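Residue strings, one per chain:
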Number of protein chains: 4
Amino acid sequence: MDYMNGPGRNHLFVPGPVNIPEQVIRAMNRNNEDYRSSAIPALTKTLLQDVKKIFKTTSGTPFLIPTTGTGAWESALTNTLSPGDRIVSFLIGQFSLLWIDQQQRLNFNVDVVESEWGQGANLDILGSKMAADTAHSIKAVCIVHNETTTGVTNNLAMVRKLLDHYHHPALLLVDGVSSVCAIDFRMDEWGVDVALTGSQKALSLPTGIGIVCASPKALEASKTAKSVKVFFDWKDYLKFYKLGTYWPYTPSVQLLYGLRAALDLIFEEGLDNVIARHKRLATATRLAVKAWGLKNCSQKEEWFSDTVTAVIVPSTIDTTEIIKRAWKRYNLSLGLGLNKVAGKVFRIGHLGHLNELQLLGCLAGVEMVLKDVGYPVNLGSGVAAASSYLQSTTPMIPSRI
Amino acid sequence: MDYMNGPGRNHLFVPGPVNIPEQVIRAMNRNNEDYRSSAIPALTKTLLQDVKKIFKTTSGTPFLIPTTGTGAWESALTNTLSPGDRIVSFLIGQFSLLWIDQQQRLNFNVDVVESEWGQGANLDILGSKMAADTAHSIKAVCIVHNETTTGVTNNLAMVRKLLDHYHHPALLLVDGVSSVCAIDFRMDEWGVDVALTGSQKALSLPTGIGIVCASPKALEASKTAKSVKVFFDWKDYLKFYKLGTYWPYTPSVQLLYGLRAALDLIFEEGLDNVIARHKRLATATRLAVKAWGLKNCSQKEEWFSDTVTAVIVPSTIDTTEIIKRAWKRYNLSLGLGLNKVAGKVFRIGHLGHLNELQLLGCLAGVEMVLKDVGYPVNLGSGVAAASSYLQSTTPMIPSRI
Amino acid sequence: MDYMNGPGRNHLFVPGPVNIPEQVIRAMNRNNEDYRSSAIPALTKTLLQDVKKIFKTTSGTPFLIPTTGTGAWESALTNTLSPGDRIVSFLIGQFSLLWIDQQQRLNFNVDVVESEWGQGANLDILGSKMAADTAHSIKAVCIVHNETTTGVTNNLAMVRKLLDHYHHPALLLVDGVSSVCAIDFRMDEWGVDVALTGSQKALSLPTGIGIVCASPKALEASKTAKSVKVFFDWKDYLKFYKLGTYWPYTPSVQLLYGLRAALDLIFEEGLDNVIARHKRLATATRLAVKAWGLKNCSQKEEWFSDTVTAVIVPSTIDTTEIIKRAWKRYNLSLGLGLNKVAGKVFRIGHLGHLNELQLLGCLAGVEMVLKDVGYPVNLGSGVAAASSYLQSTTPMIPSRI
Amino acid sequence: MDYMNGPGRNHLFVPGPVNIPEQVIRAMNRNNEDYRSSAIPALTKTLLQDVKKIFKTTSGTPFLIPTTGTGAWESALTNTLSPGDRIVSFLIGQFSLLWIDQQQRLNFNVDVVESEWGQGANLDILGSKMAADTAHSIKAVCIVHNETTTGVTNNLAMVRKLLDHYHHPALLLVDGVSSVCAIDFRMDEWGVDVALTGSQKALSLPTGIGIVCASPKALEASKTAKSVKVFFDWKDYLKFYKLGTYWPYTPSVQLLYGLRAALDLIFEEGLDNVIARHKRLATATRLAVKAWGLKNCSQKEEWFSDTVTAVIVPSTIDTTEIIKRAWKRYNLSLGLGLNKVAGKVFRIGHLGHLNELQLLGCLAGVEMVLKDVGYPVNLGSGVAAASSYLQSTTPMIPSRI
């Protein structure tokens, strides 16, 4: 049963879920299996080893939880913190807002540090709070690495620097949902205590695995954290890790084989090449936006996201119309503006298994939609700007040279 | 990447995950999609309507949660109860034990009613408790419909009768993980307040959807329940139901299309025919067990499960060896004995998308494994008993007459 | 096992094989079946009925032969003609050349009517030959509807007009390999006696079915045609059609289910809408070629093909380099120049399951490749020309309005 | 679109097409590709090298023709022989009959050596003919290695011995359709000049590749053979082999990747282990047939086929009814009796990707069907006989030890 067929392929440029490589779709095309046989533990073992590489950690302990990003958040918080714990959390868009909402509903004492939407986390305030908190009442700093609403990437190295500067022992919990595997992420180097992502983002899988990685310090904290949880409890995983059977409850074997294929593709391309590709496609997108005479919602270059670009349109245009028309006329899926920027921005997701011509097809589509809704764009202008850049920077495909 | 290939097909007879129909594998063989387009809500709407039918409810409200059965349990409990609430819970095997463990870790006050493993829930004690609890301090009765460890099915109609007899307002929370879609389940008729199952059981999908269905009374209770939860919070779903977008966070579109295909197959066969088929295959299995001279772990016929048969072997044999050998020699996946019955029983799962000859192949395999491990079985004896019954009871396939 | 992976999706713009819709890939994702059961004949019956629609015939008899286009040619010739028969055949490019080669090797007496490559069939000469052949020694006229080498479409209505004008009884055998389902094809109206296509062209399936459709007159001719053939003999098919089992030898059930899905998609979109879409995408492509300052190999507008555009490049550039670079750098698959136009043209296939943004991505890629190889193209120019046209002509997707 | 769904899996025991391994289905689950890129030739090269191993030849030249077994026959004949050539051909069942029919329609002068159906090729007569033909007027000996109609395997080593004994230069053309990859086949050792098989048989792929392998002597003969052919002409292949592009016309890339996966599985298991598995399953089947009190259509043990068993039933029973009932009640696909043995035998195909429990499920099904149609079988008797043998002979799965 399919709904709303159109000719040709859907152009999927929401900032997740993203395009799944054919190799991964193939790997998942299978019957169920007994996850208590010797095959699934053997597979899981390789996954747990390899998934650490996408976080650039050797000391972390990964958990592959059958859940979404929201569940991964809950796992990070409830395993490391106790109700009433004071945490600092940055509000810079809809996803950081939702995480803060979760933090509050889980009964933490949240110091919300808000920025204007379009700006990054206010690290000056973090500095002040660190400086003031000589009693170390702040138990954790929670930050979204890449805010998908506005296309803003926060500077995690700087966060670490501040914590270190003040010798503050707060845990650093990072939402890497729309950054890991696409934007440089250095868990060990930056002293991230819990890092997390979701399978349907830059890993380019279906939704269904919340990937959470805990530092030794986070694991230590989990021993005393008093938040109530069962499904998300790391202890149950750790118990089964020791047994070598790995799973406290039933995983999706399809997703495990899919994750294996996805990691294989990433390592074949090279993680740093994957990251460079994201930067290249993002730069091209931003050049197109500029050529159209439109503004990036992300206010400064230091915050520009390499996985999603939120584009501000003139106030005479409702971006909801842009999204609808893109879908209904061109089979192009773009991201809506959310909450404070609803109707004001539309979003181009440029993450995951994607290449230059896919992006240029999308940009050509955006141009046509802009014209459809009355924005006076020069058709071809964005594509020209983007392809100029891409033509001079795209490397040869190594396997084909 | 595949591990541990063997010639021919794997014979999957664990009591979940179960065989996925080709039609469902096909339906899931697809790229990601924007779940905020108009297509996915249109699909979701049909799923929410139709999934109620497998619980036989018209008044229930279903939730398709991206989680496993363990998460579905947590959803049922945390949405309807508050910490400290007194609940009655039946311990009759490993899965009821795990649920009770969860109930305790979620800080409920659990009255555990234990039975010998192999027996059903002790409803006499439930009666006594109901009779005694004139103050209605018991907030919920929690029961596993079908205990997968021992192959025991509890009598839910009787539970309802007892609650009604004492006019007790306790919520009735039922784990239907290994029963729904295979063993008759009547949510409305039996006054079940929360019913739940998992996609990888009789629905014959991959793991990944915890399906929870709440009665109006349960929904009412959820308004005041104080258990802490965010990911599992029904309120977030209900908010998005109202908006018509349905999803508080990203679903697996693959599983949604798969669920559509699975439900279509079930309705094409007819839910009651599906249930009758499970009874037929289960009866055949039990006849084989008897022919082998072995005993059903389920002690009385009234408790015999139509989805799984736990078979007791002589104490000279370790069932771990049976499971290993079945897998290593015959590509047959059987269920281990768990906890108290570890080493003592092995389990044959006969649920989901399955037919007579698949079962007979399995039974032939069990016979060979029994002989392998030194049990003096007459090869062919179990198959003869089972096929005698099946030959006289199997209906023609309606689409082929 | 995959060879030569690159990031993102392959952009497949050779003039066949073409992109397969996900719905068709899914439909083919299946185990083998007994083709002698009642299911496959029931399926085949619907296919034989429906496949006639893509030829616009009601009186034709279709054959679904497990072969390629080359085999379909052989089927058309050997079933209707006898060795030594005189036929008129038009040479206008590599595929008509190959067909003529086949005709000669099958021992027909071929009057080759050659045109300069880039021109259509010389119908003036056909007229003369018809006029001269009052003895009706010409048994058949063989014509390629759409010559894929040069992007030239012949005027079949005019061919019929000429035959009728001279009351000539010659059979009209038409290669519709790269036209049927994409360019208007009217078997009955144009009096085509044998029409044929291949599954991997506009039908958007894998290679493997040669679809041949015979008029009553062709069927009549087949009764006396003396060409030696067994595998391609229509008689064997007709015998099994009568039996209702349909298949003289084993078909690919996967392709049959795939064909069902492909036809369903075409009828859902509407065959004439599919044809209009091809014209729209072809027009856009030609506008891009013009904007790049390049020439269409097809010399006159009346011959412009709506499924493939062969583009002539300056003699300083070797198109082999264009094709290699497109593949090695941009994951773009373009068609080589063949034989007389080898090195001189490259080809953009724009047929099958394809939409506007896919094409624009391709055109953006062609621009970059042209720049790569030293052609002074203005990046964005072709996309601008194409998208201008498409933005004003693309209809809304009916299922989404 | 699926026709005639039934619960559970289809049990496919026709002697082809056979069950496709999940690994192969996965490998084929893909979009089309440009077969003129560098990827497909690289893949093809490995296939041509490896496919020789299944014929046990190092000197042969393989052709992967987009056709069926019938086409492979035609390829073998028309490339090596000229019209009027005298050939000796053995008629022992429906498939040898069909091949002979083809030979006659292709205008060869066929000496038909008929045996009673159920017997092997009459090699005494071959001896006489060889002895008498001192003029070497016989150009080829054509023999079906395994006659699928009756379950008879001919002794190719003996054929070679006879040819050698009389120093007869006739080409030896062998139909290995239902033997190659399942029954020992030694092209080089037995001096087979053309060997052929089809992808949907023991290779366990979909229909679509006719695999033909020519000895140097056959290749030499092809230079002067005058039979008319184009599609099947080896010369076109050899020309493209030299170019390194391999394909004279479009192959199915899906089947090429599928063949890669199928060969990988066969080599992982070990070709001789695959052959031993077929012998084991065939022996078990024959023991079951005996236990049922029924007779093998193959009259002597030396001819017993390891890929298919044709079972003779009492004249009171119509085997058509057996086949129908198996399909309509048990989702079991068995082979019909054909031509002379129509109604008298039914056939159990036991070839391809298959294991012990699949076979035992089938045998249990056959027993039930036999009882359904009134044959007084002891249910379980065949399974007991077969599983007794299998329990003592089945090896452990190497990857799982």
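Residues numbered from 1 in each chain as written. Chains lettered and ligands numbered in written order. Predicted model: local features only at pLDDT ≥ 70, side-chain atom pairs only at ≥ 80, totals over all residues.

A. Up close: the overall build of chain A. Per the secondary structure count, chain A includes 13 helices and 14 strands. In terms of principal-axis extent, the alpha carbons of chain A reach across some 60 × 55 × 40 Å. Excluding contacts between residues fewer than 6 apart, the proportion of contacts in chain A whose partners are at least 24 apart in sequence is 72%. (Helix = DSSP H or I, 4+ residues; strand = E, 2+ residues; numbered from the N terminus. Contact = placed C-beta atoms within 7 Å.)

B. Expanded view of the sheet that holds strand β3 (residues 86-91) of chain A. All names here are of chain A. The sheet built from 7 strands is open, its strands ordered β2-β10-β9-β8-β5-β3-β4 with mixed pairing. Unpaired on one side and paired on the other, β2 (61-65) and β4 (109-114) mark the two borders of the sheet. Strand-to-strand twist of the sheet, defined as the mean angle between neighbouring strand axes without regard to direction, takes the value 20°. The sheet contact formed by strand β9 (residues 194-198) and strand β10 (residues 210-214) spans 5 bridges and is antiparallel. Opposite Leu 196, over in β10, you have Val 212 as the bridge partner. Against the sheet, helix α3 (residues 69-80) engages β2, β5 (138-144), β8 (171-175), β9 and β10, with an angle of about 25° to β10. (Pairing = 2+ DSSP bridges. Axes fitted to C-alpha atoms, helices over the stretch in contact; angles between N-to-C directions.)

C. Structural detail: the UniProt feature "binding site: substrate" (unreviewed entry) in chain A. Residues and elements named next belong to chain A. Per the UniProt record, the feature "binding site: substrate" (unreviewed entry) sits at Arg 347. On the basis of neighbour count, Arg 347 is assigned to the buried category, with 26 C-beta atoms found within 10 Å. Non-local contacts of Arg 347, meaning those with residues more than four positions away in its chain, are made with Pro 15, Gly 151, Val 308, Thr 309, Ala 310, Leu 334 and Gly 335. (UniProt positions renumbered as here; feature names shortened; annotations may be inferred. Buried ≥ 20, exposed ≤ 12 C-beta atoms within 10 Å, placed from the backbone.)

D. Quick look at the relation of the copies chain C and chain A. Screw-axis analysis of chain C against chain A gives a translation of 0.0 Å along the axis, an RMSD of 0.0 Å, and a rotation angle of 180°. Put plainly, the chains are arranged around a two-fold axis. Ranked by how close their C-alpha atoms come to the rotation axis, the residues of chain C are headed by C:Gly361, at 1.9 Å. (Least-squares fit on C-alpha atoms with pLDDT ≥ 70 in both.)

E. Representation of the interface of chain B and chain D in the model. Each partner contributes to the interface: chain B provides 51 residues, whereas chain D provides 51 residues. Secondary-structure elements contributing two or more residues to the side of chain B that touches chain D are α9 (253-269), α11 (319-330), α12 (356-372) and α13 (381-393) of chain B. If you tally residues by element for the side of chain B that touches chain D, the top one is α12(B), at 12 residues. Its residues assigned to classes, the side of chain B that touches chain D comprises 19 nonpolar, 20 polar and 12 charged. (Nonpolar A, V, L, I, M, F, W, Y, C, P; charged D, E, K, R; others polar.)

F. Up close: the environment of C:Gln358. For C:Gln358, the position within the fold is in helix α12 (residues 356-372). The class for C:Gln358 is buried, based on 25 C-beta atoms found within 10 Å. Setting aside residues no more than four positions away along its own chain, C:Gln358 makes contact with A:Gly8, A:Arg9 and A:Gly361.

G. Broad picture of the packing of helix α5 (residues 123-132) of chain A against helix α6 (residues 156-165) of chain A. Residues and elements named next belong to chain A. Where α5 meets α6, the closest approach of the two axes is 9 Å, and the angle between their N-to-C directions is 20°. As the angle between them shows, α5 and α6 are arranged roughly parallel. You can see that α5 and α6 cross each other, and the crossing is right-handed. Of the residues in α6, those in contact with Leu 123, Leu 126, Gly 127 and Met 130 of α5 are Met 158, Val 159, Leu 162 and Leu 163. Along the lines of polarity and charge, the residues of the contact of α5 with α6 split into 7 nonpolar, 1 polar and no charged. (Parallel < 35°, antiparallel > 145°, perpendicular 65-115°, else oblique. Left-handed = near helix turned anticlockwise from the far one by under 90°.)

H. The relation of the copies chain B and chain D, seen in detail. Take chain B, turn it by 180°, move it 0.0 Å along the axis, and it overlays chain D with an RMSD of 0.0 Å. The overlap is high: 100% of the interface residues of chain B also sit at the interface in chain D, so the same surface is used on both sides.

I. Spotlight on the UniProt feature "modified residue: N6-(pyridoxal phosphate)lysine" (unreviewed entry) in chain A. Residue and element names in this part refer to chain A. UniProt records the feature "modified residue: N6-(pyridoxal phosphate)lysine" (unreviewed entry) for Lys 201 in the present numbering. Position of Lys 201 relative to the elements: it lies in the loop between β9 and β10. Not counting residues up to four positions away in its chain, the partners in contact with Lys 201 are Gly 16, Val 18, Val 177, Ser 178, Leu 351 and Gly 352.

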